Amino acid sequence: MLAKLLWNPDYDGNVARDEFLHTYYGKAAEPILSYIDLLHRKVYEENIHITIRTAPTAAYLSRDIVAEAAKLFDDAERKAEQEEVLQRVKAARLPLLYVQIST
């Protein structure tokens, strides 16, 4: 995505994101995008600023958000059509698992 945007700064970032997700995750892209949107919506609506040092126990990672995220990853794993894609989904899920074991 960054390379595409560096090549053409006027390229729509959402289009680049969607192209990447669909190419990388196939049919599992939709729940992955829903997960990204879930987190973005939460931090935008509550004006939360996240840094590299934000703890996995941060308040924006409420039980409701984590539970919804887990459902989305379950859906993504079901939709993964190839073992390689399933492994990508499982790798993307690792930060969520870290949050779950930290709380």
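Here the structure is shown first, and the text comes after it.
Not measured: the values here are computed from a predicted model. (Residues numbered from 1 in each chain as written. Predicted model: local features only at pLDDT ≥ 70, side-chain atom pairs only at ≥ 80, totals over all residues. Heavy atoms only, no water.)

Colleague: Any details on a nonpolar patch on the surface? Residues and values, ideally.
Modeller: Taken together, Met1, Phe20 and Tyr24 make up a surface patch of nonpolar side chains, about 270 Å² in accessible area. Here Met1 lies in the segment before helix H1 (2-7). (Patch = residues over 30% accessible without salt bridge, like charges linked within 9 Å, V, L, I, M, F, W, Y side chains within 5 Å. Areas by Shrake-Rupley, 256 points an atom, 1.4 Å probe, with all protein chains shown as cover. Salt bridge = Lys/Arg side-chain N within 4 Å of Asp/Glu carboxyl O. Helix = DSSP H or I, 4+ residues; strand = E, 2+ residues; numbered from the N terminus.)

Colleague: I'd like a rundown of the nonpolar core, residues and numbers included.
Modeller: Tyr25, Ile32 and Val89 are the most contacted members of the largest nonpolar core, which has 26 residues in total. Residue assignment for this core shows that the elements contributing at least two residues are helix H2 (13-25), helix H3 (29-45), helix H4 (63-79) and helix H5 (83-102). Apart from the residues within four sequence positions on either side, Tyr25 is in contact with Ile32, Val85, Arg88, Val89 and Ala92. (Core = buried A, V, L, I, M, F, W, Y, C linked by side-chain atoms within 4.5 Å. Buried < 20%, exposed > 50% of the residue type's maximum accessible area, 1.4 Å probe, protein only. Contact = heavy atoms within 4.5 Å.)

Colleague: Any chance you could break down the side chain of Lys42 for me, citing the residues and the numbers?
Modeller: Along the chain, the position of Lys42 falls in helix H3. Looking at Lys42, the relative accessible area reads 17%, which means it is buried. Within the local environment of Lys42, its side chain forms a polar contact with the side chain of Glu46, the two groups lying 2.7 Å apart. Discounting residues that sit within four places of it in the chain, Lys42 has contacts with Ile48, Tyr60 and Ile65. (Polar contact = N/O pair within 3.5 Å; in protein donor to acceptor, adjacent residues only side chain to side chain.)

Colleague: An account of unusual backbone geometry is requested, with residue identities and associated values reported.
Modeller: Not every positive phi belongs to a glycine, and Asn47 is a case in point at roughly 50°. Position of Asn47 relative to the elements: it lies in the loop between H3 and H4.

Colleague: A description of the packing of aromatic side chains should follow, citing residues and the corresponding values.
Modeller: Taken as a whole, this structure holds three aromatic pairs when the rule is applied. Each ring, one from Tyr24 and one from Tyr25, has its centre 5.0 Å from the other, and the planes form 90°; the classification is edge-to-face. Chaining the aromatic ring pairs together yields one cluster made of Phe20, Tyr24 and Tyr25. One Lys or Arg, Arg88, reaches over the ring of Tyr24 and ends 4.2 Å from the middle of that ring. (Phe/Tyr/Trp six-rings, centres within 6.5 Å; stacked < 30°, edge-to-face > 60°. Lys NZ or Arg CZ within 6 Å of the ring centre and 35° of its normal.)

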